[in-house]
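Architecture and fold: a report
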Amino acid sequence: ITSVLDQPVAELNGTLIGPYKLLHQLGRGAMGVVYEAEEVSLGRHVALKILPFAALLNESQLERFNTEATAAARLHHPGIVTIYSVGCERGIHFYSMPLIEGPSLAEVIAEMRQEEHPVAEEAETVVARRAEVLTRDEDGGHYRAVVRIGREAAEALHYAHENGVLHRDIKPSNLLLDETGRVRIADFGLARVEDESQL
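Since the structure is predicted, the reported quantities are computational estimates derived from the model, not experimental observations.

**Here's the deal with the packing of aromatic side chains**
- Overall, the coordinates contain one aromatic pair when judged by the stated rule.
- Consider the rings of Tyr20 and Phe94, whose centres lie 6.0 Å apart with planes at 75°: the pair is edge-to-face. With Tyr20 in strand S2 (residues 20-29) and Phe94 in strand S6 (residues 92-98), this pair connects stretches of sequence that are 74 residues apart. Each member of the pair, Tyr20 together with Phe94, is buried.
- When the ring centre of Tyr84 is taken as origin, the NZ or CZ atom of Arg44, which lies over that ring, is 3.9 Å away.

**Observations regarding the nonpolar core**
- Leu75, Ile80, Met97 and Phe188 are the most contacted members of the largest nonpolar core, which totals 32 residues.
- Elements represented by at least two residues in this core include exactly strand S4 (44-51), helix H1 (59-73), S6, helix H2 (105-114), helix H4 (141-162), strand S8 (175-177) and strand S9 (183-185).
- When residues in this core are grouped by element, the largest group, six residues, is from H4.
- Once residues within four sequence positions are removed from consideration, Ile80 is found in contact with Leu75, Ala156, Tyr159, Ala160, Arg184, Ile185 and Phe188.
- In this structure, Tyr20, Leu22, Ala37 and Val46 belong to the second largest nonpolar core, which totals 12 residues.

So, how was this worked out
By convention here, each chain's residues receive numbers from 1 onward along its written sequence. Restriction of local features to residues with pLDDT of at least 70 applies here, the model being predicted, together with a cutoff of 80 or more for giving and counting side-chain atom pairs; totals for whole chains, interfaces and linings are based on all residues. The side-chain quantities take in all heavy atoms of the structure and omit both hydrogens and water. Working definition: a ring pair exists when centres of Phe, Tyr or Trp rings (six-membered ring for Trp) sit within 6.5 Å. Plane angles under 30 degrees give stacked, over 60 give edge-to-face, the rest tilted. Only DSSP runs of H or I reaching four residues or more are called helices, and only runs of E reaching two or more are called strands; each is numbered from the N terminus. Here's how the labels work: a residue is buried when its accessible area is under 20% of the maximum for its type, exposed when over 50%, partly exposed in between, all with a 1.4 Å probe on protein chains only. Both a distance and an angle decide whether a charge sits over a ring: NZ of Lys or CZ of Arg must be within 6 Å of the ring centre and within 35 degrees of the ring normal. What is meant by a nonpolar core is a set of buried Ala, Val, Leu, Ile, Met, Phe, Trp, Tyr and Cys residues, joined one to another through side-chain atoms within 4.5 Å. By the convention used here, residues are in contact when the closest approach between their heavy atoms is within 4.5 Å.

Rendered as C-alpha cells:
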C-alpha cells in the first residue's frame, strides 16, 4: 500500500483526508507533516498534522502521535494549542487543531539574531513585526516582552501539570505566537499523561 504522503508535496494540494482538504504544507518534522487544510463542511482553515504511512511501521512513533493527540485534547487553556478532532483514514492517522498564524518563538529569536546590533527597543520592534501584531506591552520594551512570554508559557504549563499532563519538550520552536501575540504551547509528542494509578 502506498500513502498519499509519498507523493511530491505540490501534488497534495486539494487532496481530501477525512473531512479536510489539504491546501499546502506548513512544516515537516520527526513526528509527521503539518498542513494548512480546509475543513470542508465548516469552511474553516485548520492545521492538520498527519503521520505518514511509512511511520506506522514504527510502533513507538504511532504511540507518540497518539499521546500527543490525547494529551492536547484533554487540555483547554488559551495558552495551549487544542485539538479539534482525531481520525484515521486509509491508514493515515491525523488530527486537526487551530491554525496559528504567527511565528514560533524560535523564528522570532532567529530574526532578532540577524539584526546587526539590536538594542532593547529594536528587539521589541522585531518581535512585534515578526508576530504581525503590536505586543501588549507598550512600556518596558524587550525585557518586559521576554518576561510576558515566559509568564504565559509558565501559566499554560502549570495548567497542564494540574491536569496530569507533562509536556517534556518545551523549547522555542514549540512556543507559537498567535495573532494577538500570546504564547500558545504546541507539540505534546513527548508528553507524559498521568492517570490515577500513576498519580
